[in-house]
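Listed here are the chains, written in short residue letters.
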Amino acid sequence: MKDGFPIAARTALADAQLRRNLRVATHAIRRKRAQVVGEVEDWEALRDAGRRIKDRALHELDAHLEELEHAVSARGGVVHWARDADEANAIVTRLVREAGAREVVKVKSMATDEIGLNAALAGAGIAARETDLAELIVQLAHDRPSHILVPAIHRNRAEIRDLFRATLPGTDDLTDEPSELAEAARRYLRRQFLSARVGVSGANFAVAETGTVCVVESEGNGRMCTTLPEVLITVMGIEKVVPRFVDLAVMMQLLPRSSTGERMNPYTSMWSGVRAGDGPQAFHLILLDNGRTKVLADTVGRQTLRCIRCSACLNVCPVYERTGGHAYESTYPGPIGAILTPQLEGLESATSLPWASSLCGACGDVCPVKIDIPGVLVHLRGRITEQQSGVRAERLAMAALARVFASRRRYEAAQAAATRGRGPLRFLASLPGPLRAWSVSREVPVPPAQTFRDWWRSR
Amino acid sequence: MAESVTSDARSVVLGRIREALADKPPPVPVEAPHRRPQPGGAAAAALFAERVADYRATVSRCVPDALRETVAAACRRHGARTLAAPAALPPAWVPAGCEVRVDEPALAIEQLDAVDGAITGASLAIAETGTIVLDGDGVSGRRALSLIPDLHICVVDEAQIVATVDDAFVALADSARDGRPLTFVSGPSATSDIELRRVEGVHGPRRLEVIVVA
């Protein structure tokens, strides 16, 4: 049950250090993104191409997955299907046992976070070692990731130094210089990479035509995990498939620029099945549903499955910037999490998330595959409101807001009323239930003396 | 038993997908490979060098006759005396005074961990992003070869440079169909996980030397 965003957000908002870390980090990455996106003269055309490629895959998803399965099998890989998290975890556990291994090295993967793979493996006596620097920090601290791309974004260098000193051997003299901290992680993980027998990864993309699986990363831990072990197990959501190899050209322009604000990330690994004499000699690809087909069934919500997990929407979101990722109580935080989590897990399990937004629209504007995040948020609010039985705060609020926003004339009338200090837009501040909890953590903005629309018309 | 469970999951998931798509969303046409035709080769070499340098890799340019000396200079910068190399590496690339360990028969992980660096060619290079692409074959070498050593010296012929990422994927499509592993390398290993501050060097080679031959 994830209806706690308003409460969790209050805790986060009270943490000044967290807010400072988040503001510095999200603003830095926004600047970098804007710079490298500005370099691409036809960025909008590229976004449209990305949208079409993902829609093409999704609109005929069954056919593309069957083609992928065939292409991977033809090149010596083994394809497995998993209806849900338990089934995927059971397959991985069985494969690791069959390989006779007691530990695996992992490259950062949202899908394996989502299914709780590390805990499932631990329950079977198998240690899962996270090898991405930020994931290592999170794992050592028994913490949770708070950002899709930079999972330890909520930790500053001094906190990380203290954590490493406490948990990594031979680090008593460690300073908080990031290069030294990275060096300590390198020394700690290197032996594990060189001796690992099983690697576990997610996938950024998989190509139906060629069976190519693609992992995008920076540190080299992805190359290590997908190259050196004898056995490689990849867990991917079924929505990660793209039809053709050349489609990756579009994705590999959209993703690094949107994600880390780089022209290209340091390392991208692509492989297809098994290659004799090069890399793992056994490859298993697990195709994971775990709620994705429910998302696909909603004709409005389906576009959520275009997401390539770049996290640009987190970095521009005024709500995320203030609350951080933990408040979303989900593998997927930020605006994309607010629409993806309720759909994956069922609307009844995350009723407050679609309200964790001011609908300012910044997320939709930066999305590299043009997901209309505000539109899906509003759609989900409507669905939740319909599902709620009895008189609930959200229902009242949304009924009112739906009326308010139903026509331009009424929207403008409501704005005018709010400007005068009363009317439907003001009453948000005094709602009962979850919306009050949400509003007590925020200052209700003082409406301007003249609305933008009035000002525009008067010109 | 396990197999039947798996195949059952397959039909269930495919069935769910077909049910979810019961509204028959319109098929989207095949995306034409992009755009922006731009010359590669010599015309793109300056941009390639500039973009590689942006990642804080070292870029050198030389004529074929000077390659051996240029590789030697790269080795001297890093104090490298032993280099792992794919069997297909032309002997003319190997500098005097450097011991080359040829990856045939395949070097063990411990042997790769013990050399000072690796020297390879590439399949192609991308100017707009400063990327080199290795295809696991010939002068690119297998993947572990250019991964484990802490220094990677990569020799790129100017004629191998394409202008854009789009051109690169079009050119690599046959390799992908052949099932060759592809590795895109854009600068040395890096992380920005601590306060978004970029640090060169985590697990991959911490030093990258790119030599463009024309």
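All values reported here derive from a predicted model rather than from experimental measurement.

About the thresholds
- Residues numbered from 1 in each chain as written.
- Chains lettered and ligands numbered in written order.
- Predicted model: local features only at pLDDT ≥ 70, side-chain atom pairs only at ≥ 80, totals over all residues.
- Heavy atoms only, no water.
- Helix = DSSP H or I, 4+ residues; strand = E, 2+ residues; numbered from the N terminus.
- Buried < 20%, exposed > 50% of the residue type's maximum accessible area, 1.4 Å probe, protein only.
- Contact = heavy atoms within 4.5 Å.
- Areas by Shrake-Rupley, 256 points an atom, 1.4 Å probe, with all protein chains shown as cover.
- pLDDT = per-residue confidence, 0-100.
- Core = buried A, V, L, I, M, F, W, Y, C linked by side-chain atoms within 4.5 Å.
- Pairing = 2+ DSSP bridges.
- Axes fitted to C-alpha atoms, helices over the stretch in contact; angles between N-to-C directions.
- Buried area = accessible area lost by both parts, 1.4 Å probe.
- Salt bridge = Lys/Arg side-chain N within 4 Å of Asp/Glu carboxyl O.
- Polar contact = N/O pair within 3.5 Å; in protein donor to acceptor, adjacent residues only side chain to side chain.
- Expected span 1.5 Å × (residues − 1).
- Left-handed = near helix turned anticlockwise from the far one by under 90°.

1. Digging into the overall build of chain A
Point 1. When you go through chain A residue by residue, the secondary structure sums to 22 helices and ten strands.
Point 2. Sorting the 459 residues of chain A into buried and exposed places 61% on the buried side.
Point 3. The contacts in chain A between residues at least 6 apart in sequence include a share of 75% that link residues at least 24 apart.
Point 4. For chain A, the accessible surface area stands at approximately 17,100 Å², while carbon and sulfur atoms represent 51% of it.

2. Thoughts on the confidence of the model for chain B
Point 1. Put simply, chain B has an average pLDDT of 93, and 95% of its residues get 70 or more.
Point 2. Scoring of the predicted complex yields 0.89 for pTM and 0.95 for ipTM.

3. Here's the deal with the nonpolar core
Point 1. Residues A:F164 and A:F245 are the most contacted members of the largest nonpolar core, which totals 146 residues.
Point 2. In this view, A:F245 contacts A:V207, A:E209, A:T210, A:T212, A:M270, B:F169, B:L172, B:A173, B:A176 and B:L182; residues no more than four positions away in its chain are not counted.
Point 3. If you look at the next biggest cluster of nonpolar residues, it comprises 23 residues, including A:L95, A:V96, A:I126 and A:V231.

4. Overview of the pairing of strand 1 (residues 78-82) of chain A
Residues and elements named next belong to chain A.
Point 1. With four of five residues buried, strand 1 lies mostly within the body of the structure.
Point 2. Relative to strand 10 (residues 282-288), strand 1 runs parallel, the two sharing five bridges. Each residue of the ladder has a partner; that of W81, found in strand 10, is L287.

5. Quick notes on the sheet that holds strand 3 (residues 127-130) of chain A
Sheets are built from strands that pair by backbone hydrogen bonding, the pairs being arranged parallel or antiparallel.
All names here are of chain A.
Point 1. Spatially, the six strands line up as an open sheet ordered 1-10-7-4-2-3, and their pairing is parallel. Strands at the two margins of the open sheet, each flanked by one partner only, are strand 1 and strand 3. Between one strand axis and the next, the sheet turns by 25° as a mean value, whatever way the strands run.
Point 2. Sheet analysis places strand 2 (residues 103-106) next to strand 3, joined by four bridges and oriented parallel. Note on strand 3: the bridge partner recorded for V104 is A128.
Point 3. Here helix 5 (residues 85-98) sits on the sheet and contacts strand 1, strand 2, strand 4 (198-201), strand 7 (231-237) and strand 10; the angle it forms with strand 1, its principal contact strand, is near 145°.

6. Notes on the interface of chain B and chain A
Point 1. Taken residue by residue, the interface counts 79 residues in chain B and 95 residues in chain A.
Point 2. Both sides together, the interface formed by chain B and chain A hides about 7,600 Å², and carbon and sulfur atoms give 56% of it.
Point 3. At the junction of chain B with chain A, the criterion picks out 16 salt bridges.
Point 4. Applying the counting rule to chain B against chain A returns 39 residue pairs in polar contact (both at pLDDT 80 or more).
Point 5. Of all elements in the fold, only helix 1 (2-20), helix 2 (42-54), helix 4 (109-114), helix 5 (165-177), strand 9 (182-185) and strand 10 (190-191) of chain B reach the threshold of two or more residues within the side of chain B that touches chain A.
Point 6. The greatest single-element share of the side of chain B that touches chain A, amounting to 13 residues, is contributed by helix 1 of chain B.

7. Remarks on the sheet that holds strand 8 (residues 241-242) of chain A
Point 1. Strand order in the open sheet formed by eight strands is 8(A)-5(A)-6(A)-9(A)-9(B)-6(B)-5(B)-8(B), and the pairing between neighbours is mixed. In this open sheet, the two edge strands, each paired with only one partner strand, are strand 8 of chain A together with strand 8 (161-162) of chain B.
Point 2. This element, helix 5 of chain B, spans strand 6 (212-217) and strand 9 (267-272) of chain A together with strand 5 (124-126), strand 6 (131-134), strand 8 and strand 9 of chain B of the sheet and lies at about 155° to strand 5 of chain B.

8. With respect to unusual backbone geometry
Point 1. Cis rather than trans, the peptide bond between B:E104 and B:P105 has omega equal to 0°.
Point 2. Its identity as a non-glycine residue notwithstanding, A:K370 has a phi of 55°, on the positive side.
Point 3. Locating A:K370 in the fold gives a position in the loop between helix 17 (362-366) and helix 18 (373-387).
Point 4. We note that B:R56 has phi near 65°; this positive angle belongs to a residue other than glycine.
Point 5. Tracing the sequence through the fold places B:R56 in the loop between helix 2 and strand 1 (58-62).

9. Let's talk about helix 3 (residues 67-78) of chain B
Residues and elements named next belong to chain B.
Point 1. Under the 1.5 Å per step criterion, the end-to-end length of helix 3 is 17 Å for twelve residues, consistent within 8% with the ideal 16 Å.
Point 2. All of the buried residues in helix 3 are L67, T70, V71, A72, A74 and C75.
Point 3. One or two positions beyond helix 3, positive phi appears at G79, with a value near 60°.

10. Some details on the environment of B:D54
Point 1. The topology assignment puts B:D54 in helix 2.
Point 2. Taking the C-alpha atoms as reference, B:D54 lies 23 Å from B:L182; in sequence the two are 128 residues apart.
Point 3. Engagement of the side chain of B:D54 in a polar contact is seen with the side chain of A:R263, the distance being 2.8 Å.

11. A word on the pattern of salt bridges
For side chains bearing opposite charge, pairing can occur when the charged atoms are close.
Point 1. This model, assessed by the stated rule, comprises 50 salt bridges over all chains.
Point 2. Among the ionic pairs, A:E39 bridges to A:R257, the shortest N-O distance being 3.3 Å. Here the residue A:E39 occupies a position in the loop between helix 2 (16-38) and helix 3 (43-59), and A:R257 occupies one in helix 12 (residues 247-259), the gap between them amounting to 218 residues.
Point 3. Ionic pairing is found between B:R77 and B:E209, a salt bridge with its closest N-O pair at 2.9 Å. Of this pair, B:R77 sits in helix 3 while B:E209 sits in strand 12 (residues 207-213), and the two are 132 residues apart along the sequence.

12. Let's talk about the packing of helix 8 (residues 133-140) of chain A against helix 9 (residues 157-167) of chain A
Residue and element names in this part refer to chain A.
Point 1. Put simply, helix 8 and helix 9 touch, their axes get as near as 10 Å, and they point 65° apart. Crossing of helix 8 over helix 9 shows left-handed handedness. Counting all contacts with helix 8, which are made through L133, L136, I137 and L140, the residues of helix 9 involved are I160, L163, F164 and T167.

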